[in-house]
Amino acid sequence: MSTPLVPRSVRGLPLRRRHDKAPPFPHLPIAAPPAMLRRASCTALAGVALLLAGCASLSPEGDAPQALSLVQGRSLVGDARPQRGPDTASAAQAEALLARPLDQQTAVRIALAQSPRMQAAFAALQLSDAERAEAATLPNPVFSFSRLREGRELELDRLISFNVVGLLTLPWRARWADQRQEAARLDAAQAVLQLAADTRRAWLRAVADRQSALYLRDVRDAAEAGATLAQRMQKAGNWPALQAAREQLQQADAQAQLARAEQAATASREALVRLLGLDGAQAARLTLPDRLPDLPASLPADADLQAQALRDRLDLRAARADAAATAEAQGLTRATRFVDAMELGVARNTTFTNDIDRGRSTQRGWEIGLPIPLFDFGQARSAQAEARYLQAAARVRGVALAAASEVREAEAARRHAWQIAHRYQAEVLPLQRQISDEMVLRYNAMGASVWQLLAEARASARTVDAAMQAQRDFWLAEVDLQMALTGSSPAGLSALRGAGTGAALANSTNEGGH
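Student: Which parts of the structure should I look at to understand the overall build of the protein?
Tutor: Counting its regular elements, the protein contains 16 helices and 4 strands. By residue count, 41% of the 514 residues in the protein fall in the buried class. Of all intrachain contacts in the protein linking residues separated by at least 6 positions in sequence, the fraction that spans at least 24 positions is 83%.

Student: It is not clear to me how the packing of helix α8 (residues 170-235) against helix α14 (residues 450-486) should be interpreted in this structure. Could you clarify?
Tutor: Two quantities define a packed helix pair, namely the angle between the helix axes and the distance between the axes. It is at 10 Å that the axes of α8 and α14 come closest, and there the two elements cross at 180°. In this view, α8 runs roughly antiparallel relative to α14, as classed from their interaxial angle. Grouping the constituent residues of the contact of α8 with α14 by class yields 20 nonpolar, 8 polar and 6 charged.

Student: Looking at this structure, I do not really get the environment of L112. What am I missing?
Tutor: Note on placement: L112 falls in helix α5 (residues 104-114). As a C-alpha pair, L112 and V192 span 80 residues in sequence and 7.2 Å in three-dimensional space. Filtering out sequence-adjacent residues up to four positions away, L112 remains in contact with V77, A80, R81, P82, Q83, M118, V192, L195 and A196.

Student: Mind showing me how you'd approach the pairing of strand β1 (residues 142-150) here?
Tutor: Every regular strand shows the same layout, with side chains that alternate between the two sheet faces. Strand direction decides the pairing type here: β1 and strand β2 (residues 153-163), joined by 9 bridges, are antiparallel. Note on β2: the bridge partner recorded for R147 is L156. If you look at the hairpin formed by β1 and β2, you'll find 2 residues sitting between the two strands, and G151 has a positive phi there, around 65°.

Student: Could you clarify how one ought to interpret the pattern of salt bridges in this entry?
Tutor: Close approach of charged atoms allows side chains with opposite charge to pair. A complete count under the given rule lists 19 salt bridges for this structure. The partner of R311 in a salt bridge is D312, with the nearest N and O atoms 3.4 Å apart. Judged by its relative accessible area of 53%, R311 is exposed. Among the charged side chains, a salt-bridge network with shared partners connects R117, D198, R201 and D480.

Student: Please explain the packing of aromatic side chains as it appears in this structure.
Tutor: Two descriptors summarise a pair of aromatic rings, namely the distance from one centre to the other and the angle between the planes of the rings. Under the criterion given, the structure shown has 1 aromatic pair. With 5.0 Å between their ring centres and 65° between their planes, F474 and W475 make a pair best called edge-to-face. Neither F474 nor W475 differs from the other in exposure class; each is buried.

Student: Can you help me understand helix α4 (residues 88-97) in this one?
Tutor: The α-helix winds at 3.6 residues per turn, so residues separated by three or four positions along the chain end up facing the same way. Within the span of α4, buried status applies to S90, A94 and L97. Take α4 and look down its axis: the buried residues cluster within an arc of 65°, on one side only. Exposed and oriented more than 90 degrees from the buried face of α4 are T88 and A89.

Student: Got a minute to help me understand the nonpolar core in this structure?
Tutor: In summary, soluble globular proteins display a tendency toward joint burial of nonpolar side chains. Core analysis: the biggest nonpolar cluster contains 58 residues, and V77, I110, L112, V192, L272 and L276 have the highest contact counts within it. Broken down by element, the residue count for this core peaks at 15 residues, all from α8. Here L272 is in contact with T199, A202, W203, A206, L286 and L288, once residues within four sequence places are set aside.

Rules used in this analysis
- Residues numbered from 1 in each chain as written.
- Predicted model: local features only at pLDDT ≥ 70, side-chain atom pairs only at ≥ 80, totals over all residues.
- Heavy atoms only, no water.
- Helix = DSSP H or I, 4+ residues; strand = E, 2+ residues; numbered from the N terminus.
- Buried < 20%, exposed > 50% of the residue type's maximum accessible area, 1.4 Å probe, protein only.
- Contact = heavy atoms within 4.5 Å.
- Axes fitted to C-alpha atoms, helices over the stretch in contact; angles between N-to-C directions.
- Parallel < 35°, antiparallel > 145°, perpendicular 65-115°, else oblique.
- Nonpolar A, V, L, I, M, F, W, Y, C, P; charged D, E, K, R; others polar.
- Pairing = 2+ DSSP bridges.
- Salt bridge = Lys/Arg side-chain N within 4 Å of Asp/Glu carboxyl O.
- Phe/Tyr/Trp six-rings, centres within 6.5 Å; stacked < 30°, edge-to-face > 60°.
- Arc of directions from axis to C-beta.
- Core = buried A, V, L, I, M, F, W, Y, C linked by side-chain atoms within 4.5 Å.

The following block contains the structure:
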């Protein structure tokens, strides 16, 4: 609702002058001079406005330190220090770290300092902080001016109006904005954890694919040796064409598997490069270890992981913050159910008469604008606020149930992955080594042919490759568990981003305001 000028009906009525007996503000004591009262009231109103507006200052560094405090000490982040953007020091540190093979924690350190995803997350947090400051700032007063002429008479109207409801509800809106900013901090912290987890997964896949490619080169070399030997024996007439063709098929298959493994290693390496935020020159200097970390000897003792998730999960904390903000908005909607807009204006009307005396008269006064709850009693706004609160409460319960379920699933996946990988390390690979050693002994004793030896080598290669994949799957499951304990599921905070209470709060405070 726009602020009207002084109505014509008011202009037509004779207003009291300064020298009239009755003061322009009949509710004030008569002993106080009107001019002094006007100055005092304007000064007090301006002082309150400046005091409240001063509370809505922007946070230093875009509120990044508060968000980073939420991820300190998390296992996914470790000793890495997330940064709002790369600087000279972080660039120099990255160059030094790339001079040696990159381990998992070093990759996280580089990603949190240089990745564009980190810059985008902190920029979104800074934008949210600016919106918080804007929501907690008093609306500006509105100055209206009109120039009217009737015959030889000129009339100048000036009006300064204030959104009184916006002034009275400012502390409420400031608390709501702070609660929404807390959800934004949790969102930024979630982005840090998500980037750290994605970096660890990318590093594990890149190292596993590199290890697989290195091993398949040895398999390819063995297949080439077998195919070459088969061709020579066929030419000498000591080997049938069918067996020679089978060895050549094994060689072609080994070549294809190696090509596929090398392509996968290149793709996973480039995925890691993108997460680290490296340019072409830095990517060329990136080196990875030849093998994955060893399996732990045992898993830690069972702990109450579900309770830890309900305490530390960022998406659950964000859902609770959103529910608290929605409750604040619901209370404000109820408080402004009948009167959701009120404006107070100070008017000054000067009339000039273009006659011989060139007379001039000035009228001063004030006006107040209130909506009349004749048709809309605020039931719809109250129902909307209550529905939004019920939605927020349902989201809290839904996120809590999902968190407990995801932790149970991730913990079971890690336990099973460790059992499979440990069985390969403790039983399958030793047995395969024993069989290979026995085959070599039989070959040396003329009890087995070279083709049996090559077939056994191919079987051993398949077993070793499966053991490497099981080892990789365990470490990926470990990252998934840590993410389920402290971060959120892939759709955790994304559902909360669209669940804002800003529309309800804006409707309850800004309708009819400036």
